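Observations on the model geometry
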Amino acid sequence: MSFFEVRDLALAFGGVKALDGVSFTVEAGEVFAIIGPNGAGKTTVLNVVTRVFAADAGCVLLDGVDLTNLPRQQVAQAGVARTFQNIELFEGATVLDNLLLGRHRFEHGGFASQMFDSRAARAHEDRSRARVETLIGFLDLAPYRNQRVAGLPYGVRKVVELGRALATEPRLLLLDEPASGLNPEETRELAFWIDDIRHELGVTVVMIEHDMSLVSEVADRVLAMNLGRPLASGTPAAVQAHADVIAAYLGA
(Lines give C-alpha, C1' and ligand atoms only; values in the text may rest on other atoms or scores of the structure.)
Protein backbone atom coordinates (compact mmCIF):
# COMPACT_ATOMS: atom_id res chain seq x y z
CA MET A 1 0.00 0.00 0.00
CA SER A 2 1.27 3.48 -0.90
CA PHE A 3 1.71 6.19 1.73
CA PHE A 4 -0.96 8.42 0.13
CA GLU A 5 -3.68 7.20 -2.21
CA VAL A 6 -6.49 8.94 -4.06
CA ARG A 7 -8.96 6.42 -5.47
CA ASP A 8 -11.59 7.19 -8.10
CA LEU A 9 -12.55 10.63 -6.78
CA ALA A 10 -15.71 12.08 -8.30
CA LEU A 11 -17.37 15.41 -7.50
CA ALA A 12 -20.01 17.37 -9.38
CA PHE A 13 -21.36 20.87 -8.86
CA GLY A 14 -24.81 20.77 -10.39
CA GLY A 15 -24.29 19.30 -13.84
CA VAL A 16 -20.59 20.11 -13.97
CA LYS A 17 -18.16 17.30 -13.19
CA ALA A 18 -15.32 18.91 -11.26
CA LEU A 19 -13.64 15.54 -10.69
CA ASP A 20 -14.30 12.41 -12.69
CA GLY A 21 -12.41 9.26 -11.70
CA VAL A 22 -9.22 10.84 -10.37
CA SER A 23 -6.76 8.30 -8.96
CA PHE A 24 -3.07 8.46 -8.07
CA THR A 25 -0.61 7.25 -5.45
CA VAL A 26 2.28 8.98 -3.71
CA GLU A 27 5.10 7.19 -1.92
CA ALA A 28 6.56 8.37 1.37
CA GLY A 29 9.26 10.98 0.79
CA GLU A 30 8.16 11.78 -2.77
CA VAL A 31 7.46 15.15 -4.33
CA PHE A 32 4.40 14.65 -6.53
CA ALA A 33 3.12 17.42 -8.80
CA ILE A 34 -0.34 17.92 -10.30
CA ILE A 35 -0.44 20.09 -13.42
CA GLY A 36 -3.08 21.17 -15.90
CA PRO A 37 -4.76 24.22 -17.38
CA ASN A 38 -7.08 26.45 -15.34
CA GLY A 39 -10.29 24.63 -14.50
CA ALA A 40 -8.67 21.20 -14.66
CA GLY A 41 -9.78 20.33 -11.10
CA LYS A 42 -6.36 20.49 -9.44
CA THR A 43 -7.32 22.59 -6.43
CA THR A 44 -10.57 20.67 -6.12
CA VAL A 45 -8.50 17.55 -5.43
CA LEU A 46 -6.79 19.30 -2.51
CA ASN A 47 -10.13 20.62 -1.29
CA VAL A 48 -11.51 17.09 -1.18
CA VAL A 49 -8.40 15.80 0.63
CA THR A 50 -8.72 18.54 3.28
CA ARG A 51 -12.51 18.10 3.53
CA VAL A 52 -13.45 21.52 2.20
CA PHE A 53 -15.64 19.52 -0.18
CA ALA A 54 -17.12 16.07 0.33
CA ALA A 55 -16.55 13.75 -2.63
CA ASP A 56 -19.53 12.17 -4.34
CA ALA A 57 -17.52 8.97 -4.78
CA GLY A 58 -14.06 7.61 -4.14
CA CYS A 59 -11.78 7.82 -1.13
CA VAL A 60 -8.53 9.33 0.14
CA LEU A 61 -6.11 7.23 2.22
CA LEU A 62 -3.13 8.48 4.21
CA ASP A 63 -0.92 5.67 5.49
CA GLY A 64 -3.94 3.36 5.38
CA VAL A 65 -6.30 5.77 7.21
CA ASP A 66 -9.39 6.87 5.26
CA LEU A 67 -9.64 10.67 5.39
CA THR A 68 -12.79 10.82 3.30
CA ASN A 69 -15.31 11.15 6.12
CA LEU A 70 -13.19 12.74 8.83
CA PRO A 71 -14.27 16.08 10.32
CA ARG A 72 -12.14 18.85 8.84
CA GLN A 73 -10.21 19.53 12.03
CA GLN A 74 -9.14 15.89 12.25
CA VAL A 75 -7.44 16.03 8.84
CA ALA A 76 -4.73 18.23 10.39
CA GLN A 77 -4.53 15.84 13.34
CA ALA A 78 -3.93 13.02 10.85
CA GLY A 79 -0.82 14.86 9.63
CA VAL A 80 -1.99 16.86 6.60
CA ALA A 81 -1.14 20.55 6.10
CA ARG A 82 -1.64 22.84 3.14
CA THR A 83 -1.02 26.26 1.67
CA PHE A 84 -3.43 28.15 -0.59
CA GLN A 85 -3.46 29.88 -3.97
CA ASN A 86 -4.43 33.11 -2.22
CA ILE A 87 -2.38 33.70 0.91
CA GLU A 88 -4.43 33.08 4.07
CA LEU A 89 -2.60 34.74 6.99
CA PHE A 90 -3.52 36.97 9.93
CA GLU A 91 -2.07 40.16 8.50
CA GLY A 92 -2.34 42.14 11.74
CA ALA A 93 -0.23 39.57 13.59
CA THR A 94 3.53 39.11 13.49
CA VAL A 95 5.38 36.41 11.60
CA LEU A 96 6.10 34.67 14.90
CA ASP A 97 2.45 34.70 15.95
CA ASN A 98 1.29 33.37 12.56
CA LEU A 99 3.68 30.45 12.82
CA LEU A 100 2.61 29.77 16.42
CA LEU A 101 -0.95 29.36 15.16
CA GLY A 102 0.23 26.26 13.37
CA ARG A 103 1.02 24.70 16.74
CA HIS A 104 -2.61 24.76 17.86
CA ARG A 105 -3.18 21.21 16.66
CA PHE A 106 -1.00 20.05 19.56
CA GLU A 107 -2.03 19.65 23.18
CA HIS A 108 -1.13 22.68 25.32
CA GLY A 109 -2.78 21.50 28.54
CA GLY A 110 -6.40 21.82 29.62
CA PHE A 111 -8.34 25.04 30.09
CA ALA A 112 -7.55 25.29 33.79
CA SER A 113 -3.88 24.53 33.18
CA GLN A 114 -3.62 27.34 30.64
CA MET A 115 -5.75 29.76 32.67
CA PHE A 116 -3.51 29.40 35.71
CA ASP A 117 -0.29 29.20 33.65
CA SER A 118 0.72 25.86 35.11
CA ARG A 119 4.18 24.38 34.72
CA ALA A 120 2.82 21.84 32.22
CA ALA A 121 1.20 24.58 30.11
CA ARG A 122 4.44 26.58 30.09
CA ALA A 123 6.38 23.48 29.03
CA HIS A 124 3.99 22.92 26.10
CA GLU A 125 4.32 26.57 25.10
CA ASP A 126 8.11 26.44 25.33
CA ARG A 127 8.21 23.39 23.03
CA SER A 128 5.98 25.14 20.49
CA ARG A 129 8.10 28.28 20.53
CA ALA A 130 11.29 26.26 20.13
CA ARG A 131 9.82 24.46 17.12
CA VAL A 132 8.71 27.73 15.55
CA GLU A 133 12.11 29.35 16.12
CA THR A 134 13.70 26.38 14.33
CA LEU A 135 11.39 26.94 11.35
CA ILE A 136 12.15 30.67 11.32
CA GLY A 137 15.82 29.79 10.93
CA PHE A 138 15.07 27.03 8.41
CA LEU A 139 13.12 29.43 6.15
CA ASP A 140 15.39 32.47 6.65
CA LEU A 141 12.58 34.45 8.31
CA ALA A 142 14.67 35.80 11.21
CA PRO A 143 14.78 39.39 9.83
CA TYR A 144 10.96 39.44 9.82
CA ARG A 145 10.12 37.43 12.95
CA ASN A 146 8.55 40.37 14.88
CA GLN A 147 7.14 42.26 11.90
CA ARG A 148 3.45 42.33 11.06
CA VAL A 149 2.56 40.29 8.01
CA ALA A 150 0.64 43.17 6.41
CA GLY A 151 3.87 45.13 5.88
CA LEU A 152 5.86 42.31 4.29
CA PRO A 153 6.63 41.76 0.59
CA TYR A 154 4.42 39.22 -1.18
CA GLY A 155 7.22 36.68 -1.54
CA VAL A 156 7.98 36.76 2.19
CA ARG A 157 4.30 36.26 3.03
CA LYS A 158 4.28 33.14 0.85
CA VAL A 159 7.17 31.80 2.91
CA VAL A 160 5.36 32.64 6.15
CA GLU A 161 2.36 30.61 4.99
CA LEU A 162 4.69 27.72 4.19
CA GLY A 163 6.18 28.04 7.66
CA ARG A 164 2.78 27.97 9.34
CA ALA A 165 1.93 24.76 7.48
CA LEU A 166 5.24 23.20 8.56
CA ALA A 167 4.61 24.25 12.17
CA THR A 168 1.85 21.63 12.31
CA GLU A 169 4.57 18.99 11.76
CA PRO A 170 2.77 17.38 8.82
CA ARG A 171 3.53 14.04 7.28
CA LEU A 172 1.89 15.20 4.04
CA LEU A 173 2.25 18.79 2.80
CA LEU A 174 -0.12 20.08 0.11
CA LEU A 175 1.17 23.13 -1.79
CA ASP A 176 -1.32 24.99 -3.99
CA GLU A 177 0.65 26.97 -6.59
CA PRO A 178 3.52 27.85 -4.23
CA ALA A 179 5.46 29.73 -6.95
CA SER A 180 2.51 31.90 -7.98
CA GLY A 181 3.57 35.57 -7.87
CA LEU A 182 7.21 34.81 -7.09
CA ASN A 183 10.11 36.22 -9.07
CA PRO A 184 12.74 33.85 -10.55
CA GLU A 185 15.10 34.21 -7.57
CA GLU A 186 12.31 33.48 -5.08
CA THR A 187 11.24 30.47 -7.16
CA ARG A 188 14.79 29.10 -7.05
CA GLU A 189 14.81 29.48 -3.26
CA LEU A 190 11.45 27.69 -3.11
CA ALA A 191 12.95 24.76 -5.03
CA PHE A 192 15.72 24.46 -2.42
CA TRP A 193 13.19 24.59 0.42
CA ILE A 194 10.99 21.92 -1.12
CA ASP A 195 14.04 19.69 -1.45
CA ASP A 196 15.01 20.38 2.18
CA ILE A 197 11.43 19.78 3.39
CA ARG A 198 11.56 16.38 1.77
CA HIS A 199 15.07 15.36 2.82
CA GLU A 200 15.66 17.17 6.12
CA LEU A 201 12.13 17.20 7.56
CA GLY A 202 10.99 13.91 6.03
CA VAL A 203 7.75 15.38 4.69
CA THR A 204 5.97 14.03 1.61
CA VAL A 205 4.85 16.80 -0.76
CA VAL A 206 1.95 17.02 -3.20
CA MET A 207 2.19 20.22 -5.23
CA ILE A 208 -0.06 21.98 -7.72
CA GLU A 209 2.02 24.21 -9.98
CA HIS A 210 1.99 25.99 -13.33
CA ASP A 211 5.72 26.79 -13.34
CA MET A 212 7.04 23.80 -15.28
CA SER A 213 10.67 24.68 -14.61
CA LEU A 214 9.98 24.28 -10.88
CA VAL A 215 8.03 21.06 -11.48
CA SER A 216 10.86 19.63 -13.57
CA GLU A 217 13.42 20.51 -10.90
CA VAL A 218 11.70 19.20 -7.77
CA ALA A 219 9.03 16.64 -8.73
CA ASP A 220 9.68 12.92 -8.90
CA ARG A 221 6.41 12.22 -10.72
CA VAL A 222 3.65 14.29 -12.29
CA LEU A 223 -0.07 13.87 -12.88
CA ALA A 224 -1.60 15.99 -15.66
CA MET A 225 -5.32 16.73 -15.48
CA ASN A 226 -7.90 18.40 -17.68
CA LEU A 227 -11.62 18.98 -17.16
CA GLY A 228 -11.58 16.96 -13.95
CA ARG A 229 -9.97 13.88 -15.47
CA PRO A 230 -6.45 12.44 -15.41
CA LEU A 231 -4.62 12.77 -18.73
CA ALA A 232 -1.17 11.31 -18.11
CA SER A 233 1.21 10.45 -15.30
CA GLY A 234 4.91 9.76 -15.11
CA THR A 235 8.17 11.67 -14.99
CA PRO A 236 8.02 15.43 -15.63
CA ALA A 237 9.67 15.03 -19.05
CA ALA A 238 7.37 12.22 -20.15
CA VAL A 239 4.20 14.03 -19.08
CA GLN A 240 5.22 17.31 -20.74
CA ALA A 241 5.83 15.44 -24.00
CA HIS A 242 2.52 13.56 -23.89
CA ALA A 243 0.26 14.39 -26.83
CA ASP A 244 -2.90 14.74 -24.72
CA VAL A 245 -1.16 17.11 -22.31
CA ILE A 246 0.12 19.28 -25.16
CA ALA A 247 -3.37 19.37 -26.65
CA ALA A 248 -4.94 20.37 -23.31
CA TYR A 249 -2.55 23.30 -22.91
CA LEU A 250 -2.25 24.45 -26.52
CA GLY A 251 -5.37 23.09 -28.19
CA ALA A 252 -5.57 20.36 -30.78
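Remember, it's a predicted structure, so these values are computed and weren't measured experimentally. (Residues numbered from 1 in each chain as written. Predicted model: local features only at pLDDT ≥ 70, side-chain atom pairs only at ≥ 80, totals over all residues. Heavy atoms only, no water.)

1. So, helix α6 (residues 154-167)
For an α-helix, 3.6 residues make a turn, and residues three or four places apart therefore share a direction. The end-to-end C-alpha distance of α6, which contains 14 residues, comes to 20 Å, matching closely the 20 Å that a straight helix rising 1.5 Å per residue would cover. Counting buried residues along α6, 13 of its 14 residues qualify, which places the element largely inside the surrounding structure. Positive phi shows up at Glu169, right after α6, with a value of about 55 degrees. (Helix = DSSP H or I, 4+ residues; strand = E, 2+ residues; numbered from the N terminus. Expected span 1.5 Å × (residues − 1). Buried < 20%, exposed > 50% of the residue type's maximum accessible area, 1.4 Å probe, protein only.)

2. Things to note about the sheet that holds strand β1 (residues 4-13)
If you trace the four strands from one edge of the open sheet to the other, you get β2-β1-β4-β5, paired in antiparallel fashion. Each edge of the open sheet carries a strand with a single partner, namely β2 (16-26) and β5 (65-66). Across two bridges, strand β4 (residues 57-62) lies against β5 in antiparallel orientation. Following the sheet pairing, Leu61 is matched in β5 by Asp66. Running at roughly 70 degrees to β2, helix α1 (residues 42-49) makes contact with β1, β2 and β4 of the sheet. (Pairing = 2+ DSSP bridges. Contact = heavy atoms within 4.5 Å. Axes fitted to C-alpha atoms, helices over the stretch in contact; angles between N-to-C directions.)

3. Some thoughts on the packing of aromatic side chains
Applying the stated criterion to the full structure yields three aromatic pairs. Relative to Phe32, the ring of Phe24 has its centre 5.0 Å away and its plane inclined at 15 degrees; by these criteria the two rings are stacked. Both residues of the pair, Phe24 and Phe32, belong to the buried class. Through pairs of rings, three or more aromatic residues link up here, namely Phe4, Phe24 and Phe32. (Phe/Tyr/Trp six-rings, centres within 6.5 Å; stacked < 30°, edge-to-face > 60°.)

4. Thoughts on the sheet that holds strand β10 (residues 229-234)
Across the sheet, six strands lie side by side as β6-β7-β8-β3-β9-β10; this open sheet has mixed pairing. The open sheet has two free edges, formed respectively by β6 (80-82) and β10, since each of these has just one partner strand. The sheet shows a mean angle of 20 degrees between the axes of neighbouring strands, direction not considered. Pairing analysis gives four bridges linking strand β3 (residues 31-35) to strand β9 (residues 221-226), with the strands arranged parallel. Residue pairing for β9: Ile34 is matched across the bridge by Leu223. Lying on the sheet, α1 is in contact with β3, β6, β7 (172-176), β8 (204-208) and β9; it crosses β7 at an angle near 145 degrees.

Keep in mind these values describe shape, not function.
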